[in-house]
Amino acid sequence: QITLKESGPTLVKPTQTLTLTCTLSGLSVSSSGAGGVGWIRQPPGKGLEWLGNIYWDDAKTYNSSLKSRVTITKDTSKNHVVLTMTNMDPVETATYYCAHRMSDVGTYDHWGQGILVTVSS
Amino acid sequence: DIVMTQSPDSLAVSLGERATINCKTSQSVLYTSNNKNYLGWYQQKPGQPPKLLIYWASTRESGVPDRFSGSGSGTDFTLTISSLQAEDVAVYYCQHYFGTFAFGPGTKVDIK
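Structural notes, computed from the coordinates. (Residues numbered from 1 in each chain as written. Chains lettered and ligands numbered in written order. Predicted model: local features only at pLDDT ≥ 70, side-chain atom pairs only at ≥ 80, totals over all residues. Heavy atoms only, no water.)

Digging into the pattern of salt bridges
And step 1. Enumeration over the complete set of coordinates arrives at six salt bridges over all chains.
And step 2. Taking the shortest distance from any N to any O, the salt bridge between A:Glu92 and A:Arg41 comes out at 3.1 Å. With A:Glu92 in the loop between β8 (80-85) and β9 (94-101) and A:Arg41 in strand β4 (residues 36-42), this pair connects stretches of sequence that are 51 residues apart. In terms of burial, A:Glu92 and A:Arg41 fall into one category: buried.
And step 3. Among the salt bridges present, the one from B:Lys24 reaches B:Asp76, with a minimum N-O distance of 3.0 Å. In this pair, B:Lys24 is assigned in strand β3 (residues 19-25) and B:Asp76 in strand β10 (residues 76-81), connecting sequence segments 52 residues apart.
And step 4. Each of A:Arg41, A:Glu49, A:Arg69 and A:Glu92 takes part in salt bridges that share partners, so that together they form one network. (Salt bridge = Lys/Arg side-chain N within 4 Å of Asp/Glu carboxyl O. Helix = DSSP H or I, 4+ residues; strand = E, 2+ residues; numbered from the N terminus. Buried < 20%, exposed > 50% of the residue type's maximum accessible area, 1.4 Å probe, protein only.)

Spelled out as structure tokens, the structure:
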């Protein structure tokens, strides 16, 4: 059974750096194939915004509107994926999700429950 | 970057009736070398993460009821719920994965 779980701070101050961890169970970040993990966020009452993906071969793709601020890495020893986002702004208050990108298909078939991050002083 | 639009923003359908949601991409997401459309559909209920319904524009994810179907090619796509059930009340999103990724703005489906 594949599960993903987001963890990290639920409150960050403006201009601070947000670091979130996605812990995987039932799959390995050392897997082969074209799968991977993506990060998606959703402001309260609004739609979904794709942030970026990391693939099992360590390739990465990012939303071009955020590219310089977002970094996604993976830790094979801990079997988790980390999202780092610099210079956070209050408008980026949102639920942040990690999700499993299917091998050979770009859709996400398993999602974490999400973590609500509030950006406020 | 490919821009996604969805229509309508919301719709209300009677139980047992058909619901149709449209998704349009600003450029084709059909990869001609494999003749596949790089588009998926999700359902999101309040307080829950999105749930994958459809990928490759028309392939139903395992366990998804067959009243959900996807169609379209190139830049114009449709998600159809053939006979709306109470549990289908949700927001529906399309997503492309042609190069980078992006989601549509969503369509809210309610019971009339």
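A look at the state of the cysteines
And step 1. Considering all chains together, one arrives at two disulfides over all chains under this definition.
And step 2. Two residues, A:Cys22 and A:Cys98, share a disulfide whose sulfurs are 2.1 Å apart. Classification of the bridge connecting A:Cys22 and A:Cys98 rests on its S-S torsion, roughly 75°, and on that basis the disulfide is right-handed. Here A:Cys98 lies in strand β9 and A:Cys22 lies in strand β3 (residues 18-25), a separation of 76 residues in the sequence. The two residues A:Cys22 and A:Cys98 agree in class, both being buried.
And step 3. Each sulfur in the disulfide pair B:Cys23 and B:Cys94 lies 2.2 Å from the other. Because the torsion about its S-S bond is 80°, the bridge between B:Cys23 and B:Cys94 counts as right-handed. Here the residue B:Cys23 occupies a position in strand β3, and B:Cys94 occupies one in strand β11 (residues 90-96), the gap between them amounting to 71 residues. Taken as a pair, B:Cys23 and B:Cys94 share a single burial class, namely buried. (Disulfide = S-S within 2.5 Å.)

A word on unusual backbone geometry
And step 1. The linkage connecting B:Ser7 with the following residue, B:Pro8, adopts the cis geometry, with an omega of -10°.
And step 2. Residue A:Asp58 is not a glycine yet carries a positive backbone phi of 80°.
And step 3. With respect to the helices and strands, A:Asp58 occurs in the loop between β5 (49-55) and β6 (60-62).
And step 4. For B:Trp56, which is not glycine, the phi torsion reads 50° and is therefore positive.

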